[in-house]
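Close look at the chain arrangement
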Amino acid sequence: MSLPPIPKAELHLHIEGTLEPELAFALAARNGVELPYASQDELRAAYSFADLQSFLDLYYALMAVLRTEDDFADLADAYLARAQAQGVRHAEIFFDSQAHTARGVEIGTVIEGLTRALDAAPSKYGISTRLIMCFLRDESAESALATFEAARPHLHRIAAVGLDSAEVGNPPSKFREVYALAREAGLKCVAHAGEEGPPAYVWEALDVLGVDRIDHGVRAMEDDALVARLAVDQVPLTLCPLSNVRLRVIDRLADHPLRSMLDAGLLVTVNSDDPAYFGGYADDNFAAVRDALGLDAETLRILARNSFRAAFLDDETRELYL
Ligand code: ADE
Ligand code: ZN
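Residues numbered from 1 in each chain as written. Chains lettered and ligands numbered in written order. Predicted model: local features only at pLDDT ≥ 70, side-chain atom pairs only at ≥ 80, totals over all residues.

The subject of this paragraph is the site of ligand 1. In the neighbourhood of ligand 1, the contacting residues comprise His 14, Gly 17, Leu 52, Tyr 59, Asp 164, Ser 165, His 192, Glu 195, Ser 243, Asp 273 and Asp 274. For the shell around ligand 1, the residue count by class is two nonpolar, five polar and four charged. (Near = placed C-beta within 6 Å. Nonpolar A, V, L, I, M, F, W, Y, C, P; charged D, E, K, R; others polar.)

Below, the structure is given as C-alpha cells:
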C-alpha cells in the first residue's frame, strides 16, 4: 500500500490552468460555446508546447467556456477536490482577471464564483486558501492599474497581487506603480520572474516591485550575486518542475536545478502551475522530482516544510502546519 501524500501548501497554481478537458467540454455545453476540438482526446492532443507562448495561446482560448459565477465556483471546487487527494492543506490560488474582463465577464463574477468554492474549502476539503490576482504582463501598465481599481471593492477577498503571462520583453519594472498601490492597500506581492526571462527580471521583481516571493526563478541560478541575495533574504521561490519540462524551460526533469538551489541555501517550494496542461498536480510534482533527482524522504520533508514557511499564513496558523 502506498503512503498518503505528504501534507503541503500549494503556492503557485493558476486556477484557469486546472481546467481539465472534461470540465471544459461540460462548461462549453452548459454555455453554448463551441470549442474548436471534436473531443476531449483531440483537445489533449493539442497539449504539446514549444514554449510559454504556445501554451498561453491555448490556455487563453480555452477560457472561453468560463462565463458565470457557477463556472468559476465549479472550476475551483474541482481543483480543491484534486488538491485534497494530493495532500494539499493550504492553497494560494492565482486568477487572471484581465483574461476574463476582456471577454466581457465582470471581475465580480470571477471573484464571487471563486470565493464561493474557496469559502467552502476548509469544511469540505480541510484546505485553507488565499486568492492572488495576477496582472497580465503582456498587457499595458494602464490596464493593470485599471484592473486594480476595478478590484478595489473586492480587496477583502484578495491576499496578494501577482504578475504572469508572456515574460520576455515585459520586465517587472513596467508594473512599478500598480505594485506600489497594492502594497499601500496592504496586499502581499509576488511575480513570475526568471521562468523564460533573464536574472535581471528577478532583480527587478525584488528591488523595484518589492515582492515577497518569486514565482519560478529557475534562471536566477545564472547569476551568483542574485543567488546570494535570494539565500541571504530567504526569498521563497515557487518552482514548478513539470511545467518547466512541458514549456521547455529545461530539457529533462533530471536537469532541473532544484537540488542545486536547495544546496545554495534557497527557500524553494514545489508546485504545479497549470496542472491540467502539464500532467500533474502538487504531489505528482513531488513524486516526479523525487524520482528524477533521487530526493530522499528528508529532502521531501524540507520541501513540504518550506511550502508552509513561504505561505501567506499568520504565524499562529503556520505553527500548526510546521
Ligand atoms: N500563466 C499561466 N501559467 C503561466 C506560466 N507558467 N508562466 C507565465 N504565465 C502563466
Ligand atoms: Zn505560473
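Counted at 1.5 Å a residue, the expected span for helix α6 (residues 107-125) with its 19 residues is 27 Å, and the 26 Å between its end C-alpha atoms agrees. Every buried residue of α6 is listed here: Val 110, Ile 111, Gly 113, Leu 114, Thr 115, Ala 117, Leu 118, Ala 121 and Tyr 125. Of the surrounding elements, those touching the buried residues of α6 are α4 (69-85), β2 (88-95), α5 (97-101) and β3 (128-136). The first or second residue beyond α6 is Gly 126, which carries a positive phi of 70 degrees. (Helix = DSSP H or I, 4+ residues; strand = E, 2+ residues; numbered from the N terminus. Expected span 1.5 Å × (residues − 1). Buried ≥ 20, exposed ≤ 12 C-beta atoms within 10 Å, placed from the backbone. Contact = placed C-beta atoms within 7 Å.)

Spatial strand order, β1-β2-β3-β4-β5-β6-β7-β8: eight strands in an open sheet with parallel pairing. At either end of the open sheet lies a strand with only one pairing partner, and these are β1 (8-14) and β8 (267-270). Recorded for the sheet is a direction-independent mean angle of 25 degrees between the axes of neighbouring strands. Along the sheet face, α6 touches β2 and β3 and points at about 155 degrees away from the line of β3. (Pairing = 2+ DSSP bridges. Axes fitted to C-alpha atoms, helices over the stretch in contact; angles between N-to-C directions.)

Further remarks concern the pairing of strand β4 (residues 160-164). Every other side chain in a regular strand lies on the same face of the sheet, so the side chains alternate between the two faces. In terms of residue burial, β4 counts as a mostly covered element, since five of its five residues are buried. Judged by which residues are buried, β4 turns out to be covered on both faces: Ala 160, Gly 162 and Asp 164 on one side and Val 161 and Leu 163 on the other are all buried. In this structure, β3 lies alongside β4, joined through five bridges in parallel fashion. Counterpart to Cys 134 in the pairing with β4 is Gly 162. Two strands pair when backbone bridges link them, and β4 and strand β5 (residues 188-193) are joined in this way by two bridges, in the parallel orientation. Each residue of the ladder has a partner; that of Val 161, found in β5, is Cys 189. Where the polypeptide runs from β4 across helix α8 (residues 176-184) and back to β5, its parallel neighbour, the crossover connection is right-handed. (Right-handed = clockwise from strand over helix to strand, strands pointing away.)

Now for the environment of Pro 4. Within the secondary structure, Pro 4 sits in the segment before β1. Residue class for Pro 4 comes out exposed when judged on the 9 C-beta atoms lying within 10 Å of it.

To continue, consider the packing of α4 against α6. In the contact formed by α4 and α6, the axes pass within 7 Å of each other and the chain directions differ by 30 degrees. Considering the relative orientation of α4 and α6, their crossing is right-handed. Every residue of α6 that contacts α4 at Glu 69, Asp 70, Asp 71, Phe 72, Ala 73, Ala 76, Asp 77, Leu 80, Ala 81 and Gln 84 is listed here: Thr 109, Val 110, Glu 112, Gly 113, Leu 114, Arg 116, Ala 117, Leu 118, Ala 121 and Tyr 125. (Left-handed = near helix turned anticlockwise from the far one by under 90°.)

Another aspect to go through is the packing of helix α7 (residues 141-151) against α8. The contact between α7 and α8 brings their axes to 8 Å, and the two run at 20 degrees. One finds that α7 runs roughly parallel with respect to α8. The two elements α7 and α8 meet at a crossing, and its hand is left-handed. Here α7 contributes Ala 141, Ala 144, Leu 145 and Phe 148 to the contact with α8, which in turn contributes Glu 177, Val 178, Leu 181 and Ala 182. When the residues that make up the contact of α7 with α8 are grouped by side-chain class, the tally is seven nonpolar, no polar and one charged. (Parallel < 35°, antiparallel > 145°, perpendicular 65-115°, else oblique.)

Sites flagged by UniProt as "site: Important for catalytic activity" (unreviewed entry) map to His 216. Relative to the helices and strands, His 216 is located in strand β6 (residues 213-216). His 216 sits in the buried class, given 27 other C-beta atoms within 10 Å. (UniProt positions renumbered as here; feature names shortened; annotations may be inferred.)

Turning our attention to the confidence of the model for the protein. Averaged over the protein, the pLDDT score is 98; the fraction of residues at 70 or greater is 100%. Scoring of the predicted complex yields 0.98 for pTM and 0.98 for ipTM. (pLDDT = per-residue confidence, 0-100.)

Attention now goes to helix α14 (residues 282-293). Over its twelve residues, α14 extends 17 Å from the first C-alpha to the last, a length consistent with the 16 Å expected when each residue adds 1.5 Å. By the burial criterion, the buried members of α14 are Ala 282, Asp 283, Asn 285, Phe 286 and Val 289. When α14 is viewed along its axis, its buried side chains cluster within an angular range of 155 degrees and face the same direction. Where α14 terminates, the next one or two residues include Gly 294, which has phi positive at roughly 65 degrees. (Arc of directions from axis to C-beta.)

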